[in-house]
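What follows is each chain in one-letter form.
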Amino acid sequence: MNKLINILDENSITYALNEPMSAHTTFRIGGAADILITVSDIEELRTALCACKAVGVPFMILGNGSNLLVSDDGIEGAVIALDGSFKEITVDGDTVTAGAGAKLSRLCTVALENSLSGLEFAYGIPGTVGGAMYMNAGAYGGEMKDVALSVTAMTPDGDIVEVKAADMQLGYRTSVFKTNGYIILFAKYNLHTGDPDQIRAHMDDVMDRRKTKQPLEYPSAGSVFKRPEGAFAGTLIEQCGLKGTTVGGAQVSEKHAGFIINVGGATCDDVMGLVKLVQDTVKEKTGYMLEREIIRTGR
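Quick look at the structure, then. Since we're looking at a predicted model, the values are computed, not measured.

1. Some remarks on the state of the cysteines
Under the criterion given, the structure shown has zero disulfides. Free cysteine Cys52: the closest other cysteine sulfur is in Cys50, separated by 9.5 Å. Of the residues examined, Cys52 reaches a relative accessible area of 0% and is grouped as buried.

Structure follows, in structure tokens:
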């Protein structure tokens, strides 16, 4: 780790040692990462990645931490956060380019400010552009593949490539980036001109529905399970009488059974224990085996 720190210092790259991941995830759960590195541009990212590989330090890229459950024992190695130019958003006619570190809510707001429609469905999704493309995030009848043009990414060898939408293999909560090891840097979207009042009304409606149906007042990682074919995870969980079921500080939300919330002091083990209880109960009572959507990482 000292060799990595020396390289970061030599290149004036920001980092923090033993950074608690509970401060960087929407679940507010997780032990410390050995080192959190914050990069501001492509060259800093390439330097950090090369340094990690050279000294044998494992690494992962951090978005908004909104679909992430981190081990109570923390994360071995480096967590890399994208800042600076990775949070920039530019507009050119009907095309919007956003850095992987930009929040989806801000992307939607920029589109509104430029009277561009197509991203309303994403308003309120608590993630970043990079995470949204990685997972092909979607809600209320829309998903990122509906508007994506291309992604600029860094290969494991440090090369910069452009991946067209047709080559991203965007499916239900999946993309080619889950398997090819590419790091998403920027995403380009094709929107269309619309009436700003109608765009705002649509965004407000989406947000109102979120506030009404989802437990936004508690820390969570959003929908815990993928939608099983022919059913809805939340409905199955509710039918099994699991609303309000608690393991430690983790609870199946009484507002939306598809969410597990941190009602206070929840640990990773609490959440994983509750996930298994839900999976086992739903399997026994309905025959459906729920697949976890949230990503568990760490030691």
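2. Re the packing of helix α1 (residues 2–10) against helix α2 (residues 42–55)
Contact pair α1 / α2: the axes reach a minimum separation of 9 Å and the direction vectors enclose 155 degrees. Accordingly, the angle class assigned to the pair α1 and α2 is roughly antiparallel. Every pair of crossing elements has a handedness; the one defined by α1 and α2 is right-handed. Judged by residue contacts, Lys3, Leu4, Ile7 and Leu8 of α1 engage Thr47, Ala48, Ala51, Cys52 and Val55 from α2.

3. Some remarks on the sheet that holds strand β17 (residues 250–252)
The strand order across the open sheet formed by four strands is β15-β18-β17-β16, and the pairing between neighbours is antiparallel. Each having just a single partner strand, β15 (220–223) and β16 (246–247) make up the two edges of the open sheet. Where β17 lies against strand β18 (residues 259–262), three bridges are found, and the strand directions are antiparallel. The partner of Ala250 across the bridge, within β18, is Asn262. Set on the sheet, helix α7 (residues 268–286) makes contact with β16, β17 and β18; between it and β17 the angle comes to about 30 degrees.

4. As for the side chain of Asn262
Topologically, Asn262 is positioned in strand β18. Among the polar contacts listed, one links the side chain of Asn262 to the backbone nitrogen of Gly264, at a separation of 3.0 Å. Aside from chain neighbours lying at most four places away, what touches Asn262 is Phe27, Arg28, Ile29, Tyr218, Pro219 and Gly249.

5. Re the sheet that holds strand β11 (residues 148–154)
The five strands are arranged β6-β7-β13-β11-β12 in an open sheet whose pairing can be described as antiparallel. Both outer strands of the open sheet, β6 (89–92) and β12 (160–164), are each paired with one neighbouring strand and no more. Shown here is a sheet whose adjacent strand axes are inclined to one another by a mean of 20 degrees, direction ignored. Pairing of β11 with strand β13 (residues 183–190) involves six bridges; the strand directions are antiparallel. In the strand pairing of β13, Thr152 is matched with Phe186. Packed on one face of the sheet, α2 meets β11, β12 and β13 and runs near 150 degrees to β13. Running at roughly 30 degrees to β6, helix α3 (residues 104–113) makes contact with β6, β7 (95–99) and β13 of the sheet.

6. Let's talk about unusual backbone geometry
In this structure, Ser12 is a non-glycine residue whose phi angle is positive, near 55 degrees. Structurally, the position occupied by Ser12 is in the loop between α1 and β1 (14–20). For Tyr140, which is not glycine, the phi dihedral falls at a positive 50 degrees. With respect to the helices and strands, the residue Tyr140 is situated in the loop between β9 (138–139) and β10 (142–143).

7. Examining the environment of Asp146
Mapped onto the fold, Asp146 is located in the loop between β10 and β11. Residue Asp146 is classed as partly exposed on the basis of its relative accessible area of 48%. Put simply, Asp146 and Asn136 are 10 residues apart on the chain and 9.6 Å apart in space, counted from C-alpha to C-alpha.

8. Description of the packing of aromatic side chains
Counted according to the given criterion, the structure contains one aromatic pair. Directly above the ring of Tyr172 sits Arg227, whose terminal nitrogen or CZ lies 4.6 Å from the centroid.

9. What to know about the packing of α3 against helix α5 (residues 196–213)
How two helices sit against one another is set out by the angle between their axes and by the gap between those axes. With their axes 9 Å apart at the nearest point, α3 and α5 run at an angle of 155 degrees to one another. Viewed along their axes, α3 and α5 adopt a mutual orientation that is roughly antiparallel. For the pair α3 and α5, contact is made by Cys108, Thr109 and Leu112 and by Pro196, Ile199, Arg200 and Met203, respectively. In terms of residue class, the contact of α3 with α5 is made up of five nonpolar, one polar and one charged.

10. Points about the pattern of salt bridges
Oppositely charged side chains can pair when the atoms bearing their charge come close. All told, the structure shown has 12 salt bridges when counted by the stated rule. Of the charged contacts in the structure, one is a salt bridge between Arg46 and Glu43, with a shortest N-O distance of 2.6 Å. On the criterion of helical spacing, the pair formed by Arg46 and Glu43 is a turn pair, its members being three residues apart in helix α2. Between Arg209 and Asp205 there is a salt bridge, and its shortest N-O distance comes to 3.3 Å.

Thresholds applied
Residues numbered from 1 in each chain as written. Predicted model: local features only at pLDDT ≥ 70, side-chain atom pairs only at ≥ 80, totals over all residues. Heavy atoms only, no water. Disulfide = S-S within 2.5 Å. Buried < 20%, exposed > 50% of the residue type's maximum accessible area, 1.4 Å probe, protein only. Axes fitted to C-alpha atoms, helices over the stretch in contact; angles between N-to-C directions. Helix = DSSP H or I, 4+ residues; strand = E, 2+ residues; numbered from the N terminus. Parallel < 35°, antiparallel > 145°, perpendicular 65-115°, else oblique. Left-handed = near helix turned anticlockwise from the far one by under 90°. Contact = heavy atoms within 4.5 Å. Pairing = 2+ DSSP bridges. Polar contact = N/O pair within 3.5 Å; in protein donor to acceptor, adjacent residues only side chain to side chain. Phe/Tyr/Trp six-rings, centres within 6.5 Å; stacked < 30°, edge-to-face > 60°. Lys NZ or Arg CZ within 6 Å of the ring centre and 35° of its normal. Nonpolar A, V, L, I, M, F, W, Y, C, P; charged D, E, K, R; others polar. Salt bridge = Lys/Arg side-chain N within 4 Å of Asp/Glu carboxyl O.

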